[in-house]
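Residues per chain, in single letters:
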Amino acid sequence: MRHALLCSIAALGLLLITAAPAHAQDFTFSSGTTYNATANCSAPVTGHVDWPADNPIWSFDYVRPRESSNSPDGSGLEILNVYYRGFLVFKRAHTPIINVEYDPGGCGCFRDWNDSEAGFAATGIRANGCFADSSPGTVTTTCESNQAGGSGGDTGNFRGVAIEEYDDELVLTTHMSAGWYRYRMRWHFYRDGRIWPEYSFSAATATCTDEGHRHHVYYRFDFDLLEGQAAGGEDQVYEITPGNGITRFTQEVQRTWGDPADGTFWAVRDAGLRAGYRITPSPEDLLLPVDSFSKLDMMAVKYVPGDFGDDSVGCAINPTRSQLVSGESLVNQDVVVWYRASAFHEAGNPWECDIVGPTLEPFLNDGRGRADGEPTLEEFMTNSPIRADARTEGGAIPDGFELEGARPNPFDATTTVRFRVADAQQVAIVLYDALGRRVQTLYEGMTEAEAFQTVQIDGTSLPSGTYTVVLEGTTVRGSTRIVLVK
Ligand SMILES: [Cu+2]
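Residues numbered from 1 in each chain as written. Predicted model: local features only at pLDDT ≥ 70, side-chain atom pairs only at ≥ 80, totals over all residues.

Draft legend 1. Looking closely at the overall build of the protein chain. Each helix and strand in the protein chain was counted, giving 3 helices and 29 strands. The 486 residues of the protein chain split such that 46% are buried. Once local pairs closer than 6 in sequence are excluded, the contacts in the protein chain between residues at least 24 apart make up 63%. (Helix = DSSP H or I, 4+ residues; strand = E, 2+ residues; numbered from the N terminus. Buried ≥ 20, exposed ≤ 12 C-beta atoms within 10 Å, placed from the backbone. Contact = placed C-beta atoms within 7 Å.)

Draft legend 2. A look at the sheet that holds strand 24 (residues 414-421). Taking strand neighbours across the sheet as the criterion, the 3 strands line up as 23-24-27 in an open arrangement whose pairing is antiparallel. Both edges of this open sheet fall to strand 23 (401-403) and strand 27 (453-458), since each of them pairs with a single strand only. For this sheet, the mean angle separating the axes of adjacent strands, direction not counted, is 20 degrees. In this sheet, strand 24 lies alongside strand 23 in antiparallel orientation, the contact comprising 3 bridges. Among the inter-strand pairings, F401 is bridged to a residue of strand 24, identified as V421. (Pairing = 2+ DSSP bridges. Axes fitted to C-alpha atoms, helices over the stretch in contact; angles between N-to-C directions.)

Draft legend 3. Structural context of the nonpolar core. If you look at the biggest cluster of nonpolar residues, it comprises 106 residues, and the most contacted ones within it are V337 and W338. Two domains each provide a minimum of three residues to this core, namely domain 1 (9-363) and domain 2 (399-484). Beyond its immediate sequence surroundings of up to four residues, V337 is in contact with F221, F223, V237, W266, V268, I279, M298 and A300. (Core = buried A, V, L, I, M, F, W, Y, C linked by C-beta atoms within 7 Å. Domains from an automatic or database assignment.)

Draft legend 4. Inspection of the environment of V82 at higher detail. Its place among the elements puts V82 in strand 5 (residues 78-84). Along the backbone, V82 and S59 are 23 residues apart, and their C-alpha atoms lie at a distance of 5.8 Å. In this view, V82 contacts F60, V89, F90 and A93; residues no more than four positions away in its chain are not counted.

Here you go:
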């Protein structure tokens, strides 16, 4: 099942220097977002996004799966040079390793690949045929179709990357095939600095897929927090288990979150500004604890140029190959964090679509840490965008309101959102479903200025799917999307 569309080294070299704007072939999205691409899809293709275009919150480059790094398996919808409000977060983030293991009596195991693009439906497809500037809610893949009662079958002929712009998030989608599987990969970039690298496992034909099996995807996050900034320094990797301590890793390690009830998560922070990202398993990820095949939930390794995988020997990941976990020091090194997300695909339900992926949430230590500079649990839990002039709870509210993204999101039962308004006014917080129908009013009342209000959303009696939380004030309006996964 191998195929020949491999990137040349020269092509990848080109991809890495395309961050500068003003290419001859720039396109402008309806929103004002720009991207560049070669005029046809046969040449190496990359895109650049500034969102929003006039005063970018997020800027990054992306590479379609077909051209992604990590020959010969590829690494999905790859993102490069990711900046939040001008501060570097990632040098590169992608999914170089993906595999499947069947129950005894099933179909054995497979090492899959992430460079075969499969057709899907999108609006706003550009003349070059490989980028789509899609109206929100119009991008559908086999995963959506199977969730809606379909039985396999792709939803369209578009191959490439579709971008949807919502009020508070930008979403990039691609759709891939490996044998009878269909993999949907999405990057959600939120205005408040969060990122959800969503990965979904589905199928187009039922060979084997009605036998019980376990899907695993291994993300590779090459953080380079604040690199190039005066405050930027060494990146440090932590494991945090609330109630049981905080560990900084000074050597390469592979780890597991242990008992899901422990709430273990990982964090990468810049040693200078002490800002960074938490990596928190989604509820779905926690359903499939580590076993002898999946081997690990996380690895922290030293960056090695061009070393994107584990040499693809056998189905299971091999963390000791290819200079992954080999005991090297992480002190004053460029660090790379790997993270496993996975799903159990139950027997007798070949058309299941499982949605996984961690939430990456920014935190900023604004000086409340311990005197010795070591972080506290509270610091890791204090959400704030990674920027030196980050707003604090007592600070100004430039847009007249703040509606924070839901935590957790995605969620399986309940979640919460926080909001506040700059001026006292009547405010309603209303939940809408994917078709725009009002589901329920979550909050309604005269709301005082500047104080945060917390609203709980109970999804226990709602079907799985994407919902929109809308803040409707007298003078302000905003929204944020939530995804219920049961
Ligand atoms: Cu499956």
